[in-house]
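Summary of structural features
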Amino acid sequence: MRKIVTVIGARPQFIKASAVSRALHSSGRLAEVLIHTGQHFDSNMSEVFFSELAMPTPKYNLGVHGGQHGAMTGQMLEGIERILIDENPDAVLVYGDTNSTLAGTLAAVKLHIPVAHVEAGLRSFNMRMPEEINRILTDRISTWLFTPTVAAVKHLRSEGVASDKIIAVGDVMYDVALHFSSQVAETGGALSRLGLSSGRYVLATVHRAENTGDAARLEVIVAALSDAARKLPMVWPLHPRTRGVLQRHDLLDKLAASGVRLIEPVGYLEMVQLEKYAALVVTDSGGVQKEAYFFQVPCVTMRDETEWVELVEAGWNRLAPPDDPETVTAAILDALGTRGREVSPYGSGDAADKIVARLTADLGN
Ligand code: UDP
């Protein structure tokens, strides 16, 4: 049987990889070995997803986290290279745009092992974002570019990528959301625990370096969310990096005083429940923007640009760059109660099956 090594390390990658792992397992044609780089390591940022999403336990955990981008990527590269030499796989599978994605890709390609990139072709056109650098480099040297959207296909074509490398499959996050959506209810779970009523609260998340690493932007976000929280209940599961930065800037108390419910990161099922029954989602996350749409909830994205442009075009999502608190609060209040156009940009919920079918066909038995 042919062998694939999957390299993952961050929360959204565990979620995306769960769909493909499930499809690989049920096809029974390709063996999968998982490497966890250790980028996310708290149990509520890592372990919970393996148990909830029935992911196999990684055979390897490199324990690499913290530090500067160069050191982190370098340590991952060294660890992954060693494992790839031992495992000698037929292909390496990577997801998204993190340092784990880039390290897995570089290690494999230098050993002449072909790489499959899931979520290929996304672009923000903002080269100050570490994610943009990681995804451009990964796309440039991967063999299979599995794209989630029409925009992603267009980007790769305009960069001159050969069309036989671009495989339009849809979004694996949509596969996962469809699979788990029916498992959450409008009452109970996180809603009861937090005293929230369906359709009567805002769900916020913030974690992106361009916001957490910039004190001025972070202050705008805190001011805007505090203001909105005076009008509608708001819950904010805090990414560990964001909690640390808010603590350093003495902003946690200000947020709590305005009524924002600051909670620890939640598992996937609780997050799906919080998203599905929210009146509005306010975020800087890529995955959360899309999940809001999967559950037909309007979204405000606190960034200058987004990779998921089709949701802005369809009216489900609006950009509110965190430059000025009043503009962001106004965008939040404007978006409440709105709906976008009926669109279907992320495939049919079978992206993972299509990925496995293509890899199986190309790798042979
Ligand atoms: N998520 C979660 N618990 C949380 C916050 C997010 O399970 O407390 C999930 C969310 O549902 C989505 C993914 O994590 O599937 C998004 O990850 P993140 O925002 O960290 O990264 P991005 O999507 O921006 O790369």
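Rules behind the numbers
Residues numbered from 1 in each chain as written. Predicted model: local features only at pLDDT ≥ 70, side-chain atom pairs only at ≥ 80, totals over all residues. Heavy atoms only, no water. Core = buried A, V, L, I, M, F, W, Y, C linked by side-chain atoms within 4.5 Å. Buried < 20%, exposed > 50% of the residue type's maximum accessible area, 1.4 Å probe, protein only. Helix = DSSP H or I, 4+ residues; strand = E, 2+ residues; numbered from the N terminus. Near = heavy atom within 4 Å. Polar contact = N/O pair within 3.5 Å; in protein donor to acceptor, adjacent residues only side chain to side chain. Salt bridge = Lys/Arg side-chain N within 4 Å of Asp/Glu carboxyl O.

Re the nonpolar core
- Counting residues in each nonpolar core, the largest one holds 66 residues, and the members touching the most others are Val20, Leu93, Phe146, Tyr268, Leu274 and Leu359.
- The leading source of residues in this core is helix 1 (residues 11–27), at seven residues.
- With 29 residues, the next largest nonpolar core counts Ile221, Ala224, Leu251 and Val328 among its residues.

A look at the site of the ligand
- The environment of the ligand is formed by 19 residues, the closest being Arg208, Val266, Ser285, Gly287 and Glu291.
- In the model, an oxygen atom of the ligand is placed 2.9 Å from a nitrogen or oxygen of the His207 side chain.
- A distance of 2.7 Å is found between an oxygen atom of the ligand and a side-chain nitrogen or oxygen belonging to Ser285.
- Breaking the shell around the ligand down by element, the ones donating at least two residues are helix 1, helix 13 (268–276) and helix 14 (286–294).

Here's the deal with the pattern of salt bridges
- Inspection of the entire model under this criterion finds 24 salt bridges.
- The partner of Arg208 in a salt bridge is Glu131, and the shortest N-O contact between them spans 2.7 Å. Of this pair, Arg208 sits in the loop between strand 8 (202–205) and helix 9 (209–212) while Glu131 sits in helix 5 (residues 130–141), and the two are 77 residues apart along the sequence.
- On the basis of relative accessibility, which here comes to 8%, the residue Arg208 falls in the buried class.
- With a closest N to O distance of 3.8 Å, Asp323 and Arg217 form a salt bridge. Remark: Arg217 occurs in helix 10 (residues 215–229) and Asp323 occurs in the loop between strand 13 (317–319) and helix 16 (325–335); sequence separation between them is 106 residues.

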